[in-house]
Every structure is written in structure tokens, then in C-alpha cells.
Amino acid sequence: MERTLSIIKPDGVERKLVGEVVKRFEGAGIRIAAVKMVHLTKDQARLFYAVHRERPFFESLTEFMSSGPLVAMVLEGENVIQKNREIMGATNYKEAAPGTLRHDFATDIEKNVVHGSDAPQTANQEIAFFFNALEIS
Ligand code: UDP
Ligand code: MG
């Protein structure tokens with residue numbers, strides 16, 4: 001059984017999309033193994049997205065990710081890293097397939113509603129960023 005980190009970004013929480021996002025995951029047979037609401041500081045957002053620190057969008061992205069509460073979740077299921085990425089859709093909502101979260105709800109390439117880990121190693125790192133072992137069941 002595989003695990004991945006999902007985040008409902010501050011835009012998704014503010015627009016009351018938490019229920020809709022969870023419904024899509026559960027509807028796809030994915031199990032929620034942990035969930036919490038967190039308001040990151042700017043420095044914590046910088047740490048989480050450290051892989052993108054050289055990119056031109058880094059400052060704006062970390063400002064956005066620390067602008068309000070987000071919902072972090074551990075998703076569990078077979079092939080869930082890829083499954084979650086499929087449910088999310090492409091980074092750029094204009095290229096996201098119909099029926100994906102980003103196609104249906106994103107308003108901007110930055111404010112694209114959800115985050116999902118992209119590989120097993122980043123999934124482990126990102127889960128550990130938000131959750132300790134006792135918080136996952
Ligand atoms: N992002 C952005 N501008 C870009 C590319 C990405 O603002 O040109 C933001 C967007 O919120 C994206 C996040 O940075 O979700 C992380 O980028 P990544 O390439 O890892 O996309 P993801 O894995 O989220 O699809
Ligand atoms: Mg990414």
C-alpha cells in the first residue's frame with residue numbers, strides 16, 4: 001500500500017472546496033490516513049517548497065502558501081501517488097483535463113487548489129514535514 005501527501009491549498013480552503021476534494025479522493029477508492037489544518041509561516045512554506053527556491057515563482061508561491069490555513073492529508077491506496085496526480089490534473093489549469101480538480105476549480109497557475117507529492121521519496125519527505133507516525137493511521 002502506497003502513501004502520498006495531499007494539500008488543499010489556502011485558495012481551496014477559502015473557497016470551501018475541502019468537502020469536494022475529499023469526496024473525489026474517497027470516490028476514487030483512496031483512503032484518508034491522516035488530516036490536519038495548518039497555517040504555515042512564510043519560512044515553513046519556504047522549507048516545504050525548498051526544491052523550487054531558484055524558480056522565479058518561489059517568493060509568490062511561498063507568500064500564497066502562507067496566506068491562510070491549508071488542509072494537509074495523507075492519502076493511502078494502491079498506486080496512490082500517480083492516482084492523486086491524475087485527480088489533481090496538470091500544474092497549469094489551462095492544460096488540465098476536464099474533470100480534474102485543477103481544471104474544475106483552479107483560478108491561476110499558482111492558485112491551483114491542490115498539491116500532491118510527485119514520487120515515493122518526496123511523498124515520504126512531505127508526509128514527515130506535516131505528520132509524525134502517531135498521527136497517521
Ligand atoms: N507554480 C507557479 N508557477 C509556475 C509553476 C508552478 O506558481 O510556473 C506553483 C503552482 O502553485 C504549483 C507549485 O508552484 O502547484 C509547485 O510547482 P510544481 O512544478 O511542483 O507543480 P505541481 O507538482 O504542484 O503540479
Ligand atoms: Mg510538484
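Residues numbered from 1 in each chain as written. Chains lettered and ligands numbered in written order. Predicted model: local features only at pLDDT ≥ 70, side-chain atom pairs only at ≥ 80, totals over all residues. Heavy atoms only, no water.

1. Focus on the overall build of the protein
Convention followed: Counting from the N terminus, the helices are the DSSP runs of H or I reaching at least four residues and the strands are the DSSP runs of E reaching at least two. This radius of gyration counts C-alpha atoms alone. The globule rule is 2.2 Å times how many residues there are, raised to the power 0.38. Whether a residue is buried, partly exposed or exposed follows from its accessible area with a 1.4 Å probe, protein chains only, as a fraction of its type maximum: under 20%, in between, or over 50%, in that order. Between two residues, a contact is recorded if the distance between any of their heavy atoms is within 4.5 Å. The method behind every accessible area is Shrake-Rupley, applied with a 1.4 Å probe, and residues are considered shielded solely by the protein chains displayed.
Scanning the protein from terminus to terminus reveals seven helices and four strands. A globule of 137 residues ought to have a C-alpha radius of gyration of about 14 Å, and the protein, at 14 Å, matches this closely. Seen through its principal axes, the protein has C-alpha atoms that stretch 35 × 35 × 25 Å. Every one of the 137 residues in the protein was classed for burial, and the buried ones make up 46%. Partitioning the contacts of the protein with sequence separation of at least 6, the portion at a separation of at least 24 is 76%. In the structure as shown, the protein presents an accessible area of about 7300 Å², 53% of it carried by carbon and sulfur atoms.

2. Quick word on the side chain of serine 66
One can find serine 66 in the loop between α4 (58-65) and β3 (70-77). Beyond its immediate stretch of four places on either side in the chain, serine 66 contacts His39, Leu40, Thr41, Lys42 and Ala45.

3. Examining the site of ligand 1
Rules: Any residue with at least one heavy atom within 4 Å of a molecule or strand is counted as near it. A 3.5 Å cut-off defines polar contacts: any pair of N or O atoms within that distance qualifies, except that in protein one atom must be a possible hydrogen donor and the other a possible acceptor, and neighbouring residues in sequence count only when both atoms are side-chain atoms. Lining residues are defined by having an atom within 4 Å of a point belonging to a cavity or pocket. Those points lie on a 1 Å grid over the protein atoms alone, cavities being sets where a 1.4 Å probe fits but cannot get out and pockets being open sets with protein on both sides within 12 Å along at least five of seven lines. A molecule is said to be in a cavity or pocket once over half of its atoms fall within 2 Å of that pocket's grid points. Gly falls in the polar group here, along with every residue not listed as nonpolar (Ala, Val, Leu, Ile, Met, Phe, Trp, Tyr, Cys, Pro) or charged (Asp, Glu, Lys, Arg).
Around ligand 1, a shell composed of Lys9, Tyr49, His52, Phe57, Leu61, Arg85, Thr91, Arg102, Ile109, Glu110 and Asn112 is seen. At a separation of 2.9 Å, an oxygen atom of ligand 1 approaches a polar side-chain atom of arginine 85. In this structure, an oxygen atom belonging to ligand 1 sits 2.9 Å away from a side-chain N or O atom of asparagine 112. Its free accessible area being 500 Å², ligand 1 has 81% of it covered by the protein chains. Assessed atom by atom at 2 Å from the grid points, ligand 1 resides in the largest pocket. Of the residues contributing to the shell around ligand 1, the split by class is four nonpolar, three polar and four charged.

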